[in-house]
Amino acid sequence: MLILVLLILILPPTLFLIKVSIFTTKADGSFGDFTLRYYQQLFTGRFFFSALTNTAIYAIGSAVIAILLGTIQAIIVERTDTPGRGWVFLGAIISLGIPHVLYTVAWLLILGRSGPLNGLLLSAFGPQSVINVYSMWGMTLIEGVGFVPLTFLLMSSVLRSTDASFEEAAMMSGARPIKTFWTITLRMGLPGIMALLLLVFIRAFESFEVPALVGLAGNINVLTTNIYQSSKGTGAMDYGQSGAYSVCLLLIVVGLLYWYNRLSGHAHQYQTITGKGYRPRVIKLGRLRYVTSAILALMFMLVTGLPLIMLVFTSLQPFYEGVTPESFSRFTLDNYRILMGPGSFRDSISNTLILGASTSTFVVPFTALCAWMAARRKPGGWLLDQIATAPLVMPAIVMSVAFLYVFVNLPIPLYGTLLSVILASSVRFMPYGMRYAYAGVLQIHKELEEASMSSGAKQGNTFLRIVLPLLSASMVSSWLFIFLLAVQAVSLPLLLVGPGTEIVAVTLFDLWQNGQVTELASMGITWVSLMVVVSACFHMVTRRYQIMAS
Amino acid sequence: MDRNSMRSEKLSGLGLALMMGATMMLPLPALSLTTEEILNYRGPDREQILLEGAKKEGQVTLYCALIVNQALKPISDAFAKKYPFIKIAYWRADSEDIAAKLMAEVKANNLQADLVEGTGVGEMVIQAGLVQPYYTPMIEQVPQKYRDPAGIWTPTRLSYFSVAYNTKLVPPDDVPKTYEDLLDPKWKGKISWRIGSASGTSLFITNLRMAWGEEKARAYFEKLAAQKIVNFGSGSARTLVDRVIAGEYPIALNIFAHHPFISKAKGAPVNSQLMEPVATTAGTMVVPKGVKHPHASMLLADFILSKEGQTILSKAEYFPVRPDVEINETIKGVVPNLMGKTENFVGSEQLNKYTASSEEIYQNLFR
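Keep in mind the model is a prediction, meaning the values are calculated, not measured. (Residues numbered from 1 in each chain as written. Chains lettered and ligands numbered in written order. Predicted model: local features only at pLDDT ≥ 70, side-chain atom pairs only at ≥ 80, totals over all residues.)

Secondary structure assignment for chain B yields 13 helices and 12 strands. Counting only C-alpha atoms, chain B reaches 105 × 45 × 40 Å along its principal axes. Across the 367 residues in chain B, those meeting the buried criterion constitute 50%. In chain B, 78% of the contacts between residues at least 6 apart in sequence involve partners at least 24 apart. (Helix = DSSP H or I, 4+ residues; strand = E, 2+ residues; numbered from the N terminus. Buried ≥ 20, exposed ≤ 12 C-beta atoms within 10 Å, placed from the backbone. Contact = placed C-beta atoms within 7 Å.)

As structure tokens, then:
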């Protein structure tokens, strides 16, 4: 029955995707003749191999950076008594709160030719040492660092649910903290790490903004920008190649998930939430904790601090000319004034909050159920997993067009309503919810559910009263993560909103197209502040109702 | 039939004819005109018919690419003030997205839009066969060269394209003033342009092909390709100008000529250089087939092209298409006619004709 719901939601855009890749699109948007030429163009284009190589390096590089930094942060935060570790959450939220494109732009401002870093290098070491951010390392770094909040949140929720008695045992047997982390903690967190690998790797293959903003200017093509360049020039909607690429990625995802499922068949290794009671304990580091504190601070600066400072700086400028002594004398609040003035910004805030909250609230419990069924090998569970993860490979704009066609043709007046945007948004973020939930479920030992059922509880009851509460840590992280992303989404809601259902991200996209980087920076800062406020409220709510397990 | 009945038939036939004649002479209340007739009506009582019809319709929806805060909202507010019985709703998006939405709506028979405006959207939907001709008397105020002979679109605003340069990186003596100046080897690797947009690389190429003819243009492009132009792939023309200001690229091609002027007014080290012929395009307005509120739609079209509507656009730093509306002081300096440069108006037909092949030239020479 769940499968039915999923199919209704996800099948239409998937079918659209497949159709778009095998039929030509006529001038009026309808489908023409069957053709395999998009696949052909994809694989035989002049730049295919170089783009493929670039994409692989980019994907692996950014995944490694993200997972490494995120895991280290998570271990330090969840397992040690490092002072100041709570701030890492704030850092993650701020990072996620900054619209991704703006986050990338902030990095380009820092590392660009006229940015402060090059300014320092120039004056210290001369013109030879100037770095060029429009390069492979620039792309990989920015994408990797942008994903750290995701990896951190997921790993921290995994670690929070992990019984620390294993680590205690190790340390009591004489292992030093680092060895303990390496052999015990990391192994325990393996389901989480694998989930992340899947997510981040596939996301990097599908990623477009960073390669377009950073790579293109350095003439580095990945597959997505390659497709973009060869199919968008005329301005007509030709998603054929895009669709073909996504279909290929879809097949890869199916394969990867199958492999992931096989591996997690040995999941009992990771089950640490057992009937014996668990208490994630914090390990006292002694003097080492100042080192870890410094590490956290450094990471905070890297992931969140630097871009944020850059945005604040830029938002106070009438125009951006690099960080020069004069620019400090030019500080002005004009950009904020323009933003706060009368206009659709304020009107669309409530729509936006509803969108984000509804998406999260639907996706998180729903994927928890699906993940549970998949992880417990219930009939049809693997299918649920596949279907719920499929949206990961679809470019947002293709999904948007797909949903546009679905809704505009429905006999019920769903077209142009906020509900339609919520539905599309839920589909888009389902894969994230799925991976969070799946990693969380793997840690729960079956014996708890078995005990429940042998005491007479039915499956549904078991799920609601045993599994869900134990999943709370991952669900809370997942909720916040999805909320922050859903409210930022632009390409997806773009075609689905109509007069009266404006949301902030789309309204601000207007600014993005026509505004100067200084106005955008002020918009980013305002937006982030709003997101921090919302997150703080959310945090208080979960505390109040003790939704978190510990 | 006997003689009597034939006679009565003739009489009734005559009576009928008389009645019809009499009815025709009576002033008829809004004789139901078809949508096509309403849209193209040129009679002296046009205003009245539109007002009455609009009262019954009560609403109008505009899909538009204008900036919301400065232009779209003021126009909407002013229109609502003038016609309080018409509820106006608008949706702002880029031209490609407007086209996508419109196509989906028309095909699903679920049309929401009554009027569509943007740069480039007109061309796309005309090609798709989704719009119909209409007439607004305001078009008489627009210079002939900007009009559509087929009467399917009307121009709403003009855009001029120029070269932007950073005044700190490009000394005044070195500023390239013609397209040929761009071939100077010292600019190798220092020029950028915007790809992936109809108003970026393809417009630049189309402009020169139209002005110089294929052969001369082709020779020029081959030399230009040797300059290794940087392909700026993400962001609008405005973003590219920001990059020039920041010193990332000394020169940028085919950007909106007025953007550097606006920044210059704030003290930014940037300037706009018009090169002959100056590529010029127009935003266009079209009416979709199956429009649900034709009367209100026409009133809105009239309004956007009226002096009041065009003045709002001018204040929002757009270039009005009516010569009797004052151009915004900040950006006057980019209007080719005022600066003694020839403009090359690239209209819908030319865009449809040249864009695909211009795009190919880009793919072959400049990637």
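Glancing now at the overall build of chain A. When helices and strands are counted, chain A shows 26 helices and 2 strands. Along the first, second and third principal axes, the C-alpha atoms of chain A reach 65 × 60 × 50 Å. Taken across its 550 residues, chain A has 55% of its residues classed as buried.

Turn by turn, an α-helix covers 3.6 residues, leaving residues three or four places apart pointing in a common direction. Residue and element names in this part refer to chain A. With 12 residues, helix H5 (residues 100–111) ought to run about 16 Å at 1.5 Å a step, and its terminal C-alpha atoms sit 17 Å apart, in line with that. Burial analysis of H5 places 11 of its 12 residues in the buried class, which makes it a mostly covered element. Those residues of H5 that fall on the buried side of the exposure criterion are Val101, Leu102, Tyr103, Thr104, Val105, Ala106, Trp107, Leu108, Leu109, Ile110 and Leu111. Where the residues of H5 are buried, they touch helix H6 (116–125), helix H7 (136–160), helix H11 (209–215), helix H14 (288–315) and helix H26 (517–544). (Expected span 1.5 Å × (residues − 1).)

With that settled, the discussion passes to unusual backbone geometry. Residue and element names in this part refer to chain B. With an omega dihedral of -10°, the bond running from Glu276 to Pro277 counts as a cis peptide bond. Along the chain, the position of Pro277 falls in the loop between strand S9 (270–273) and strand S10 (278–288). The backbone phi angle of Lys228 is positive, close to 50°, even though this residue is not glycine. Owing to 14 C-beta atoms within 10 Å, Lys228 belongs among the partly exposed residues under this scheme. Positive phi, normally seen in glycine, also occurs at Asn254, with a value near 50°. Mapped onto the elements, Asn254 comes out in strand S8 (residues 251–256).

Another point: the domain arrangement of chain B. How big an interface is tends to be reported as the loss of accessible area on association of its parts. Residues and elements named next belong to chain B. We note that the domain assignment places domain 1 (35–158 + 281–330) and domain 2 (160–280 + 332–365) within chain B. One C-alpha centre belongs to domain 1, the other to domain 2; they are set 29 Å apart. With 19 residues of domain 1 in contact, the opposing surface of domain 2 contributes 16 residues. The biggest single contributor to the side of domain 1 that touches domain 2 is helix H6 (residues 121–127), with 4 residues. Here the side of domain 1 that touches domain 2 is built from residues that sort into 6 nonpolar, 8 polar and 5 charged. (Domains from an automatic or database assignment. Nonpolar A, V, L, I, M, F, W, Y, C, P; charged D, E, K, R; others polar.)

Residue and element names in this part refer to chain B. Most of S8 is tucked away, with 6 of its 6 residues classed as buried. Sheet analysis places strand S5 (residues 154–166) next to S8, joined by 4 bridges and oriented antiparallel. Bridge pairing in S8 places Tyr165 opposite Ile251. Of the pairings in the sheet, the one linking strand S6 (residues 191–194) to S8 comprises 2 bridges and is parallel in character. Directly across from Ile191, in S8, lies its bridge partner Ile251. (Pairing = 2+ DSSP bridges.)

Let's shift gears to the packing of helix H18 (residues 381–389) of chain A against helix H20 (residues 418–442) of chain A. Residue and element names in this part refer to chain A. Between H18 and H20, whose axes approach to 7 Å, the crossing angle comes to 135°. Classified by the angle their axes make, H18 and H20 are oblique. Residues Asp385, Ala388 and Thr389 of H18 lie in contact with H20, whose contacting residues are Met430, Pro431 and Met434. Class assignment of the residues belonging to the contact of H18 with H20 gives a composition of 4 nonpolar, 1 polar and 1 charged. (Axes fitted to C-alpha atoms, helices over the stretch in contact; angles between N-to-C directions. Parallel < 35°, antiparallel > 145°, perpendicular 65-115°, else oblique.)

It is worth spelling out the interface of chain B and chain A at this point. At the interface, 56 residues of chain B touch 47 residues of chain A. Among the elements that line the side of chain B that touches chain A, the one with the most residues is helix H5 (residues 95–107) of chain B, at 8 residues. Among the residues making up the side of chain B that touches chain A, the classes are represented as 23 nonpolar, 19 polar and 14 charged.

This part takes up the environment of A:Val130. All names here are of chain A. Among the secondary structure elements, Val130 is positioned in the loop between H6 and H7. Once the C-alpha coordinates of Val130 and Leu120 are considered, the two residues, 10 residues apart in sequence, prove to be 9.1 Å apart. Among residues more than four places away in sequence, those in contact with Val130 are Asn118, Leu121 and Leu122.

Residue and element names in this part refer to chain A. The geometry of helix H3 (residues 48–79) relative to helix H10 (residues 190–206) is characterised by a closest axis approach of 9 Å and an angle of 140° between their N-to-C directions. One way to sum up the angle between H3 and H10 is to call them oblique. Handedness of the H3/H10 crossing: right-handed. Residues Thr55, Tyr58, Ala59, Ser62, Ala63, Ala66, Ile67 and Thr71 of H3 pack against Ile193, Leu196, Leu197, Val200, Phe201, Ala204 and Phe205 of H10. (Left-handed = near helix turned anticlockwise from the far one by under 90°.)

Looking now at the nonpolar core. Residues and elements named next belong to chain B. By size, the foremost hydrophobic cluster in this structure holds 282 residues, and its most contacted members are Val125 and Ala252. The residues that make up this core include at least three from each of domain 1 (35–158 + 281–330) and domain 2 (160–280 + 332–365). Here Val125 is in contact with Ala99, Leu102, Val116, Leu130, Val131 and Val286, once residues within four sequence places are set aside. (Core = buried A, V, L, I, M, F, W, Y, C linked by C-beta atoms within 7 Å.)

Before going further, it helps to examine the confidence of the model for chain B. Residue and element names in this part refer to chain B. Per-residue confidence for chain B gives a mean pLDDT of 86; residues scoring 70 or more make up 91%. The least confident element of chain B, judged by mean pLDDT, is helix H1 (residues 3–25) at 52; the most confident is helix H11 (residues 294–305) at 94. For this predicted complex, the interface confidence score (ipTM) comes to 0.77, while the overall pTM stands at 0.80. (pLDDT = per-residue confidence, 0-100.)

Attention now moves to the environment of B:Pro143. Within the secondary structure layout, B:Pro143 lies in the loop between strand S4 (131–132) and S5. Sequence-wise, B:Pro143 and B:Pro323 are 180 residues apart; in three dimensions their C-alpha atoms are separated by 7.8 Å.

As a further point, take helix H9 (residues 177–188) of chain A. Residue and element names in this part refer to chain A. When H9 is considered as a whole, its buried residues turn out to be Pro177, Thr180, Phe181, Thr185 and Met188. Buried residues of H9, seen end-on, are gathered within an arc of 95° and therefore sit on one face of the element. Those residues of H9 that are buried lie in contact with H3, helix H8 (165–172) and H14. (Arc of directions from axis to C-beta.)

In this section: the environment of A:Thr367. Relative to the helices and strands, A:Thr367 is located in helix H17 (residues 344–375). Residues A:Thr367 and A:Tyr438, 71 residues apart in the sequence, show an inter-C-alpha distance of 8.3 Å.

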